[in-house]
Amino acid sequence: MTNFVLVAMRQWLLNLCYVVLDHIPPFFWAFLNVLGDIYMFWFYKLGNYLRPKSRVVYYEAIKELDHCDSYENWCQTAAMVDEITGANLWRRNFFSRRYDFHSVLEQYSILSKALESEDTDTIKEKLSTTGPCMLRNFAGIVDKKLFTKSLLGTKLLIEQYLDKTLESLDLLDMNFTETSFFQRCKLSLGTTALILKGGSVFGLFHLGVIRGLLSQNLMPNIISGSSMGACVAGVFGCLSNDEIDQLLSEDGILNVIKDDAELLRSCGYGIVEQHLNLGTLVQNLIHHGYSQDVYLFIQFVLKYIIKDTTFEEAYQNTRKIFNIVIHPTDKSCPNLLNYVTTPNVLIRSAIDCSLGTGVISEDTNLYCKSLDNEVVPFLTRPGVKFMAPERATTTENELESPYTRLTELFNVNNFIVSLARPYLAPLVVNDLKHEIKTSKYYYYKHYPETNKHLIDLPELGIPQLNFTEMEPLAFKFKYHLERKLKNIITMEFHHRMQVLDNLGLLSSWVKRLAIDEPTPRSATEIVIVPRIKSLSLTRIIEGQLDNIPYWIKCGEQSTWPVLSLINTRCAIEFRLDEVIKERRK
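Everything numeric in this text was worked out from a predicted model, so none of it was measured.

### A short note on the overall build of the protein
Helix and strand counts for the protein come out as 26 helices and twelve strands. Of all 585 residues assigned to the protein, the portion counted as buried reaches 49%. Roughly 29200 Å² of accessible area belongs to the protein as shown, and the carbon and sulfur atoms make up 56% of that amount.

This is the structure we're talking about:
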C-alpha cells in the first residue's frame with residue numbers, strides 16, 4: 001500500500017511539473033538564455049584578467065581548438081598549443097619510461113637498411129607472425145599515456161617506425177609476395193571493431209564519429225551498435241563509404257528530410273503548439289527515452305536507407321560486417337544479430353528490438369524473410385520481450401556477452417568505442433581529450449650537459465640530441481595529485497554502480513547514465529566521448545531540426561584528438577586489409 005501511494009505521488013508531481021512547463025511563456029526561456037550568455041562572457045573575461053599572461057596565451061589557443069572547422073585547421077592550432085606548452089620538444093625527444101625505445105630504434109634501423117637494399121627476406125622475417133612488427137603494442141608503443149602529453153600525437157620515433165613498417169609492406173606487395181603471407185599476418189594481428197554505445201538522447205553523435213574516421217581512412221569494416229547505435233550501424237552497413245560521406249557532408253541528411261513534408265509532420269515538426277508545450281517534450285524525453293530529433297532520424301533511416309533489407313542482403317551489397325545487439329527475455333534468441341547468426345532477419349525489426357519493446361512501437365518483434373521471400377516472425381515462441389540496454393541486467397558470465405561473441409566470430413581483439421554520453425566524459429579513464437589538456441602543468445626539467453648523452457640520428461631528421469637543448473618535460477605535483485584522485489574516484493564510482501546493478505537496486509534512469517556493457521578483458525579499447533561543452537539542454541528538449549548537423553560536427557571534432565592513437569594501433573591492420581582486398585580483385 002505504501003509503495004502504491006509513493007508511485008501515485010511521484011506521478012502526480014511529474015504531471016504537475018509538465019503542466020507548469022507547458023504554461024511558462026517563451027520569453028522567459030529567452031531571458032534565461034540572455035542571462036547565461038552574460039554570465040559566460042564575464043566568466044571568461046574575469047578569468048583572463050586573473051590569470052598570468054603566460055596562461056592567457058595558452059587558454060586562447062585552447063579555445064581556438066573548439067572552433068576549428070576541419071582536421072587540417074585543428075592540427076595547425078594543436079601545433080601552436082604544443083609549442084606553447086613545450087610538448088613539441090617532448091615529441092622530438094624519444095626517451096621515455098613508457099615504452100622500450102631501444103627496441104623501437106633497433107627495429108627502425110633494421111627496416112631502414114632493408115628498405116634501402118630491398119632486402120625482402122629480412123623484411124619478411126620482421127613482418128612474419130612471430131616478428132615484432134605484427135604486434136599492436138610492440139615495446140609498449142600504444143601506451144595511452146604516450147598520447148596524453150601532446151595534442152598532435154606521440155613520440156616522433158614511434159611515428160617514423162610506423163611509417164617504415166608501412167613502407168615495408170608496400171615493398172613486399174610490389175615484389176609479388178604470396179597473398180597467404182599477408183593473410184597470416186592479418187590473422188596474427190587481429191581485427192578492429194567500432195562499438196556504438198548509448199545514444200537514446202545523444203545518438204546522432206555516432207554519425208560524426210563515423211565521419212571523422214572515414215575522412216582519415218581509419219574506419220573499421222566491423223561495426224556493432226545497440227539502441228540508437230544500432231540505427232547508425234544500419235546506415236553504415238547498408239551504404240558504401242562514398243554514399244555515407246555524401247550523406248554526412250554539410251546538410252546531406254537535412255536536404256532529404258526537408259523535401260519530405262509527410263515525414264516531418266509525422267515526427268511533430270511543423271506543429272507550432274507542440275514546440276511551445278515544453279512539458280510535452282520533457283514528458284516524451286523521460287518516458288520514452290529519446291528526443292524529437294532522434295525519433296526523426298530513426299524514421300528517416302527506416303524509410304530511405306534500411307527499407308526491407310536483411311543482414312545477408314546488406315553484406316552482399318557492401319561487404320561490411322555490421323552487428324546489432326539486442327536484449328531478449330528468451331535466452332534461446334541470439335543477442336548478437338549479423339549476417340552469420342541471423343542472415344534472413346530484417347534489419348528494421350532488429351533496430352526496433354534493440355531500442356526496446358514499446359519505445360518506438362508497441363508491436364516489437366523480430367521478422368525475417370522466408371524461402372518464398374515472405375516476411376514472417378523469426379521467433380516461434382510468443383510473448384518474447386526486448387529490453388532497452390539500460391533495463392537489461394548485466395550478465396556475470398563474460399561468455400554470454402555479445403562482444404565476446406563478436407571476438408569469436410571475427411577475430412576481434414581491438415575495440416574503438418563511441419560512448420555518446422557527454423556527462424560521463426570527466427569520469428572516463430580512457431578518454432584522451434581530458435588528459436591532454438593537463439599539459440598546462442608542464443615545466444622544464446634541466447640536466448647538466450654531458451657528452452655521454454649525445455646521440456646522432458640523421459635518419460630521423462634530428463641531427464644531434466642532448467639533454468641541454470632537448471630538455472625533457474616533467475609535471476608539477478598538482479598534476480600527479482589531480483590525476484590520481486580522478487582515477488580513484490572513477491574506479492570507485494564504477495565499482496559501486498556495478499555492485500548496485502548486480503543486486504538489482506539500481507533504477508533504470510541511473511543505469512542509463514552510469515552503466516555500460518563491458519568489452520572482453522582480452523581485448524583493448526579506445527573510447528571516444530563527446531565534449532561536455534556539447535551538452536545543450538535546450539537542443540535536447542526542443543529537438544531542433546539542425547541538431548543532426550550539430551551532433552555530426554561534435555562527433556567529428558571529438559575524434560580528432562584520438563586519431564593518432566587509432567592510427568598507431570590500426571594502420572598496419574588496415575594496410576594489410578587493402579593489400580588482401582586488391583589481391584582478391
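### Some points on the nonpolar core
In terms of nonpolar packing, the biggest core is built from 122 residues, with Ile 253 and Phe 297 touching the most fellow members. What Phe 297 contacts, discounting residues up to four positions off in sequence, is Leu 204, Leu 207, Met 228, Cys 231, Val 232, Val 235 and Ile 253. Counting residues in each nonpolar core, the second largest holds 16 residues, with Ile 321, Tyr 403, Leu 406 and Val 527 among its members.

### Focus on a nonpolar patch on the surface
A contiguous nonpolar patch, built from Phe 31, Leu 32, Val 34, Leu 35 and Ile 38 and spanning about 430 Å² of accessible area, is present on the exposed surface. The topology assignment puts Val 34 in helix 2 (residues 26-50).

### Describing helix 19 (residues 347-355)
Along helix 19, eight of the nine residues are buried, which leaves the element largely enclosed by surrounding structure. When helix 19 is considered as a whole, its buried residues turn out to be Ile 347, Ser 349, Ala 350, Ile 351, Asp 352, Cys 353, Ser 354 and Leu 355. Directly beyond the C-terminal end of helix 19, a positive phi value near 115 degrees is found at Gly 356.

### Considerations on helix 25 (residues 547-559)
Under the 1.5 Å per step criterion, the end-to-end length of helix 25 is 18 Å for 13 residues, consistent within 8% with the ideal 18 Å. Buried residues dominate helix 25, accounting for ten of its 13 residues.

### Description of the pattern of salt bridges
Scanning the model with the defined rule gives eleven salt bridges in all. Across the salt bridge formed by Glu 159 and Arg 91, the nearest N and O atoms sit 3.0 Å from each other. Placement of Glu 159 in helix 8 (residues 156-174) and of Arg 91 in helix 5 (residues 87-92) is noted, with a sequence separation of 68 residues between them. On the accessibility criterion, Glu 159 (25% relative accessible area) is partly exposed. In this structure, the salt-bridge partner of Arg 405 is Glu 408, at a minimum N-O distance of 3.7 Å. You can see Arg 405 and its partner Glu 408 sitting in helix 20 (residues 402-410), three residues apart, about one turn around the helix. Look at Arg 405 and you get partly exposed, because its relative accessible area is 36%. Connected via shared salt-bridge partners are Asp 170, Arg 575 and Glu 578.

### Some thoughts on the pairing of strand 2 (residues 222-226)
Side chains on a regular strand alternate between the two faces of the sheet. Within strand 2, five of the five residues are buried, leaving the element largely enclosed by the surrounding structure. Along strand 2, one buried face is formed by Ile 222, Ser 224 and Ser 226 and the opposite face, lined by Ile 223 and Gly 225, is buried too. Judged from the four bridges that link them, strand 1 (residues 191-197) and strand 2 form a sheet pairing that is parallel. Considered in strand 2, the bridge of Leu 194 is made with Ile 223. By the bridge criterion, five bridges tie strand 2 to strand 3 (residues 321-325) in an arrangement that is parallel. Residue Ile 223 lies in a different strand from strand 3, and its bridge partner there is Phe 322.

### Some points on the packing of helix 11 (residues 228-238) against helix 17 (residues 292-306)
Helix-helix packing: each pair is described by the crossing angle between the helix axes and the interaxial distance. Where helix 11 meets helix 17, the axes come as close as 10 Å, and the angle between the chain directions of the two elements is 30 degrees. By the angle between their directions, the pair helix 11 and helix 17 is classed as roughly parallel. Seen from above, helix 11 lies across helix 17 with left-handed handedness. Facing helix 11, whose interface residues are Met 228, Cys 231, Val 232, Gly 234, Val 235 and Cys 238, helix 17 presents Val 294, Phe 297, Ile 298, Val 301, Ile 305 and Ile 306. The residue makeup of the contact of helix 11 with helix 17, split by class, is eleven nonpolar, one polar and no charged.

Cut-off values and rules
- Residues numbered from 1 in each chain as written.
- Predicted model: local features only at pLDDT ≥ 70, side-chain atom pairs only at ≥ 80, totals over all residues.
- Heavy atoms only, no water.
- Helix = DSSP H or I, 4+ residues; strand = E, 2+ residues; numbered from the N terminus.
- Buried < 20%, exposed > 50% of the residue type's maximum accessible area, 1.4 Å probe, protein only.
- Areas by Shrake-Rupley, 256 points an atom, 1.4 Å probe, with all protein chains shown as cover.
- Core = buried A, V, L, I, M, F, W, Y, C linked by side-chain atoms within 4.5 Å.
- Contact = heavy atoms within 4.5 Å.
- Patch = residues over 30% accessible without salt bridge, like charges linked within 9 Å, V, L, I, M, F, W, Y side chains within 5 Å.
- Salt bridge = Lys/Arg side-chain N within 4 Å of Asp/Glu carboxyl O.
- Expected span 1.5 Å × (residues − 1).
- Pairing = 2+ DSSP bridges.
- Axes fitted to C-alpha atoms, helices over the stretch in contact; angles between N-to-C directions.
- Parallel < 35°, antiparallel > 145°, perpendicular 65-115°, else oblique.
- Left-handed = near helix turned anticlockwise from the far one by under 90°.
- Nonpolar A, V, L, I, M, F, W, Y, C, P; charged D, E, K, R; others polar.

These figures capture arrangement, not role.
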